[in-house]
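Chain residues, written in single-letter form:
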Amino acid sequence: MTISEKNPCRLKYFPISFFSIILGLAGFTIASQKFEHLFLHNTILSSVILTFTILLFVLLSALYSYKILNFANKVKEEFDSPIKINFFPTFSISILLISIALLDVNLVLSKYFWMAGTISHFLFTLKIVSVWIQHSKFEITHMNPAWFIPAVGNILVPVAGSAHASPEISWFFYSIGLLFWIILLIVFFNRIIFHNPLPQKLLPTLFILIAPPAVGFISYVKLTENINEFSRILYYFALFLVILLFFQWRLFYKIKFYLSWWAYSFPVAAITIASFLMFKETNLLAFKFVFIGLYFILSVIVAFLLIKTIIQIKNKAICVEED
C-alpha cells in the first residue's frame, strides 16, 4: 500500500507555482533595499523580508522535495503540462533573486546562490526548450505569458553574475534570454490577438510581460555600466506595458484568487527596481517619483497577496485537486 493510499495527503497537489511567492518576496526585498538606500539609511526592513524569504524558500523546497519523493507521478503530470512546465524555473529564479538580494549583505553567500541558480536554470532551460522542440501535444491556445519565465531567468543571471564571474558568462545567458523573449513575444501576440482569450485563471500572468524588458534593462545596465539608447528602449517598453495593464484594471478586478495572482508581484518589483536605476543613472526627479509610486503599489500588492494566500491555506483551498 502506498503512502497516498494509507493517508491521503494534500501535498501531492502541492503546485510548483508556489515558488512564484518567492519571486514576489525576493523582488520586494531588492526594491526595499533601494528604498532604504534613498530614504531610510538602514537595512532593517529589507533584512527582515530577506530572512523571511529565505526561510520560506527552504520550507517550500522541503515540501516540494517531499512531493518528488512520495508522489513522483504527480510531479511528472506537472512537468508534462504545457502550462505548468514553465513554472519549474521559478525554483532556479528564486535562487538567483536571493543571490541578488544578498549582494550587499554577504558577497560569498551570494556567489554560492548565484552558481546554484545559474546552473539549475540552465538545465531547466535546456530541458524545457527540448520539450518545446520535441512535443506532440502543444497547441497555440496553450501559449500564455508563463512561457516567458525560462527567458526571464536567463536575462536575470547578469544582475549578480557581473559581480561573481566573467562578463562573457553573463552575456551568454543574457543573449539566450533576450532573443527567446523576442521570439516568444511575437508568438504570444499572435495567440492573444487571433485566438481565444486567456482563461480567467491565467489572466494575472499577463503581468509577466513586464518582467523581460524590465529585467533586461537592469541586466544591460549592469553589463555596460551606462544608460544608452537600447537600455532606454527596454525600460520605456516595460513602462508602457505597466501603463497598458493598469489600463485594463477591469479585466483583473473580479478574478477569483489563484496562486497565479503572485504573477502581479515580481514584474511590478522589476519595473520598480528599474525605475530606481533610471533615477540613479540619470538623476531626473521624475524617475524618483515613479520609483516611489511603484514601490507603494508593490508594497500593497505583496501585503494583499500574503494575506489572501494565508487565508486560502487556512481554508484548505490550496493544494487541492484541480478540476
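None of these values were measured; they are calculated from a predicted model. (Residues numbered from 1 in each chain as written. Predicted model: local features only at pLDDT ≥ 70, side-chain atom pairs only at ≥ 80, totals over all residues. Heavy atoms only, no water.)

Caption draft 1: Looking closely at the environment of isoleucine 30. As for its position among the elements, isoleucine 30 is in helix H2 (residues 20-40). Considering only alpha carbons, one finds isoleucine 30 and leucine 97, 67 residues apart in sequence, at a separation of 8.4 Å. Aside from chain neighbours lying at most four places away, what touches isoleucine 30 is Leu97, Ile100, Ala101 and Ile273. (Helix = DSSP H or I, 4+ residues; strand = E, 2+ residues; numbered from the N terminus. Contact = heavy atoms within 4.5 Å.)

Caption draft 2: A look at the environment of serine 120. Inspection of the secondary structure assignment puts serine 120 in helix H6 (residues 107-134). With relative accessibility at 17%, the residue serine 120 sits in the buried group. For the pair serine 120 and proline 267, spaced 147 residues apart in sequence, the C-alpha separation works out to 22 Å. Filtering out sequence-adjacent residues up to four positions away, serine 120 remains in contact with Ser92 and Ile95. (Buried < 20%, exposed > 50% of the residue type's maximum accessible area, 1.4 Å probe, protein only.)

Caption draft 3: Molecular detail of the packing of aromatic side chains. Within the structure shown, the criterion is met by 38 aromatic pairs. Ring geometry for tryptophan 132 versus tryptophan 147: centroids 5.3 Å apart, planes at 10 degrees, classification stacked. Here the residue tryptophan 132 occupies a position in helix H6, and tryptophan 147 occupies one in the loop between H6 and helix H7 (149-164), the gap between them amounting to 15 residues. Judged by relative accessible area, tryptophan 132 falls into the buried class, the value being 15%. (Phe/Tyr/Trp six-rings, centres within 6.5 Å; stacked < 30°, edge-to-face > 60°.)

Coordinates in, geometry out; function isn't part of it.
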